[in-house]
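Report on the structure
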Amino acid sequence: MAVRRKLIKERVPTPERPPKERVKDFKEVNLGYTFELAVKEAERCLQCPYEYAPCIKGCPVHINIPGFISKLVEYRDNPDKAVREALRIIWNDNTLPAVTGRVCPQEDQCEGACVVGKVGDAVDIGKLERFVADYARKNGIEEELLCEFEEECTGELGKVAIVGAGPAGLTCAGELAKMGYKVTIFEALHKPGGVLAYGIPEFRLPKEILDHELAKLNRLGVEIKTDHVVGRTVTIEELLQEYDAVFIGTGAGTPKLLNIPGILLGRIYSANEFLTRVNLMKAYEFPEYDTPIAIGKKTIVIGAGNTAMDAARSALRLGSEVTIAYRRGREDMTARIEEIKHAEEEGVQFEFFLQPVEFIGDENGRVKAVKFERMRPLEERDKRGKRKIVGTGEYVTLEADTVIIAIGLEPNRIITETPGLKTNPNGTLVVDENLMTSIPGVFAGGDAIRGEATVILAMGDGKKAAKAICDYIEKKRAKANA
Ligand SMILES: Cc1cc2nc3c(=O)[nH]c(=O)nc-3n(C[C@H](O)[C@H](O)[C@H](O)COP(=O)(O)OP(=O)(O)OC[C@H]3O[C@@H](n4cnc5c(N)ncnc54)[C@H](O)[C@@H]3O)c2cc1C
Ligand code: SF4
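Residues numbered from 1 in each chain as written. Chains lettered and ligands numbered in written order. Predicted model: local features only at pLDDT ≥ 70, side-chain atom pairs only at ≥ 80, totals over all residues. Heavy atoms only, no water.

**Brief notes about the overall build of the protein chain**
What the protein chain contains, in helices and strands, is 19 helices and 15 strands. A globule of 482 residues ought to have a C-alpha radius of gyration of about 23 Å, and the protein chain, at 23 Å, matches this closely. In terms of overall dimensions, the protein chain has a C-alpha envelope of 70 × 60 × 50 Å along the principal axes. Within the protein chain, counting contacts between residues at least 6 apart in sequence, those at least 24 apart form 69% of the total. (Helix = DSSP H or I, 4+ residues; strand = E, 2+ residues; numbered from the N terminus. Rg over C-alpha atoms; globule rule 2.2 N^0.38 Å. Contact = heavy atoms within 4.5 Å.)

**So, the side chain of asparagine 94**
Along the chain, the position of asparagine 94 falls in the loop between α5 (79-93) and α6 (97-103). A relative accessible area of 1% places asparagine 94 in the buried class. Looking at asparagine 94, its side chain comes within polar contact range of the main-chain nitrogen of leucine 96, at 2.8 Å. Reaching out from asparagine 94, the side chain makes a polar contact with the side chain of threonine 100 at a distance of 2.9 Å. Excluding its chain neighbours within four sequence positions, the residues that come into contact with asparagine 94 are Val61, Ile63, Thr100, Glu129 and Met459. (Buried < 20%, exposed > 50% of the residue type's maximum accessible area, 1.4 Å probe, protein only. Polar contact = N/O pair within 3.5 Å; in protein donor to acceptor, adjacent residues only side chain to side chain.)

**Observations concerning the side chain of glutamate 129**
Mapped onto the fold, glutamate 129 is located in helix α8 (residues 125-138). No salt bridge is formed by the buried glutamate 129, whose closest oppositely charged neighbour, arginine 102, lies at an N-O distance of 9.0 Å. Sequence-distant contacts of glutamate 129, that is, excluding residues within four places in its chain, are made with Ile63, Phe68, Ile90, Asn94, Pro97, Thr100 and Gly101. (Lys, Arg positive; Asp, Glu negative; His and termini not counted. Salt bridge = Lys/Arg side-chain N within 4 Å of Asp/Glu carboxyl O.)

**A word on the site of ligand 1**
In the vicinity of ligand 1, 37 residues are found, and the nearest of them are Val103, Ala168, Glu187, Arg204 and Val230. Within the side chain of glutamate 187, a nitrogen or oxygen atom sits 2.6 Å from an oxygen atom of ligand 1. About the coverage of ligand 1: the protein hides 97% of its 1,000 Å² of free accessible area. Residue assignment for the shell around ligand 1 shows that the elements contributing at least two residues are α10 (167-179), α15 (306-317) and α19 (455-481). Broken down by element, the residue count for the shell around ligand 1 peaks at 3 residues, all from α15. Here the shell around ligand 1 is built from residues that sort into 19 nonpolar, 13 polar and 5 charged. (Near = heavy atom within 4 Å. Areas by Shrake-Rupley, 256 points an atom, 1.4 Å probe, with all protein chains shown as cover. Nonpolar A, V, L, I, M, F, W, Y, C, P; charged D, E, K, R; others polar.)

**Details of helix α9 (residues 142-152)**
Think of an α-helix as turning once every 3.6 residues; residues three or four places apart then point the same way. Buried within α9 we find Glu142, Leu145, Leu146 and Phe149. Taken down its axis, α9 places every buried residue within 100° of arc, on the same side. Of the surrounding elements, those touching the buried residues of α9 are α5, α8, α10 and α12 (207-219). (Arc of directions from axis to C-beta.)

**Considerations on the sheet that holds strand β3 (residues 223-225)**
Spatially, the 5 strands line up as an open sheet ordered β3-β2-β1-β4-β15, and their pairing is parallel. One side of each edge strand has no neighbouring strand; the edge strands of this open sheet are β3 and β15 (442-444). Strand-to-strand twist in this sheet, taken as the mean axis angle between neighbours without regard to direction, amounts to 20°. Of the strand pairs in this sheet, strand β1 (residues 159-163) and strand β2 (residues 182-186) are connected by 5 bridges, and their pairing is parallel. Looking at β2, one finds that lysine 159 is bridged to lysine 182. (Pairing = 2+ DSSP bridges. Axes fitted to C-alpha atoms, helices over the stretch in contact; angles between N-to-C directions.)

Structure follows, in structure tokens:
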């Protein structure tokens, strides 16, 4: 195999659209590798042995990373073959690489563990994964592989209901379909995808990619029933009568709000409402699309996670000046490094150590300013390793005619009110080591059990639960037949 093992410290950069151009529209920012660039980057991988490779251990679904990267170098003279072989390896562990290649915080996962990263830039595993998925999609490479997978999808082994069509539910559904189960997903919204559809904007994850991934799932025989709010349209108890098992992947879609004076003023949004209007309902194309969005000239976004970054960059694209106000410091921000960099390049301003204490309104009942208390960091750290903060008693007021609150999310309460379903004090579902809830035959994963986490962790749960569901159904059958 012609794999080069010389250490090359610098990463091959991926082309990006310039900030001034991209801030005028919702098209994707990063343009991804060409085949030539991908091969050049693939050559930086040292091909650590499978049993040892730290990148595989760093990936929550354990993709054979050196394995797929080696195919790009090995078949460098035949791009179609290189991609087909690489995709086959990726699909063994992850059927949504076009999504994860774009949204995973690789710096904390596979790339955070890559040995090359100890002396230079880690191998750009995420962009290579994305390249393989994009090239395969654009060049019809997936067909042959899909046919191989389709053959396994007999739907004869049993029936499973999945609640929620986010990354956890979609992954669980795909895995079960491949194992031979008939799967039906019940989704509350009119479009599947969960946060991928309503939260993450087009400029990070184009919706045509999500639609393509969903179409693949249909090919595996998975049925998706939209506009079905489980707990209202149909209950878990009713699903258990018709299906052999149920998986709950309802996420954490309830926004936390600030209980401070002025919270009910006009033009104060939760990031969820703001992003749902913009992404799912395409309000940025109003009036071609019916849903409006009211946004002023100066927006303050409160929070500093991925949700805050997405809301800030969306507000910027709708023509507003945007400031992110965060109660902690720069190093405590939880958003992905790449997203923070993109936000800064595009002109989002940052204010640190500011805790909102009051929203101030105008004579029309709309917000016109936010009063903050200045905070100060302490040496002491909290459970998550972040420095604790205290108020200084000093106050500042910043003008804003729009405010977006992005301070976190909680699990959906409709589902957690199901009789017999145990929850933790923070509203997440209690599960055992096999991801089974307190109701036998009902499993759960993703943000519904973790609180707000990541796409790949939700997918990992979906995969683990699929295996546990299969074991559960087999055991139940064996007992019944004994
Ligand atoms: C704006 C934003 C940006 C993010 N950016 C990133 C990122 O860059 N990288 C990353 O890794 N993670 C990111 N995350 C986190 C990531 O999206 C989540 O961890 C992940 O989507 C969780 O997947 P899930 O399947 O558990 O839940 P979700 O994606 O929340 O999907 C749950 C689904 O269940 C449906 N549902 C809820 N209740 C019911 C019910 N009663 N009946 C039927 N259906 C129901 C919902 O409508 C939804 O479709 C981001 C989150 C947000 C909000
Ligand atoms: S750790 Fe880095 S160099 Fe080693 S196999 Fe993984 S990507 Fe390649």
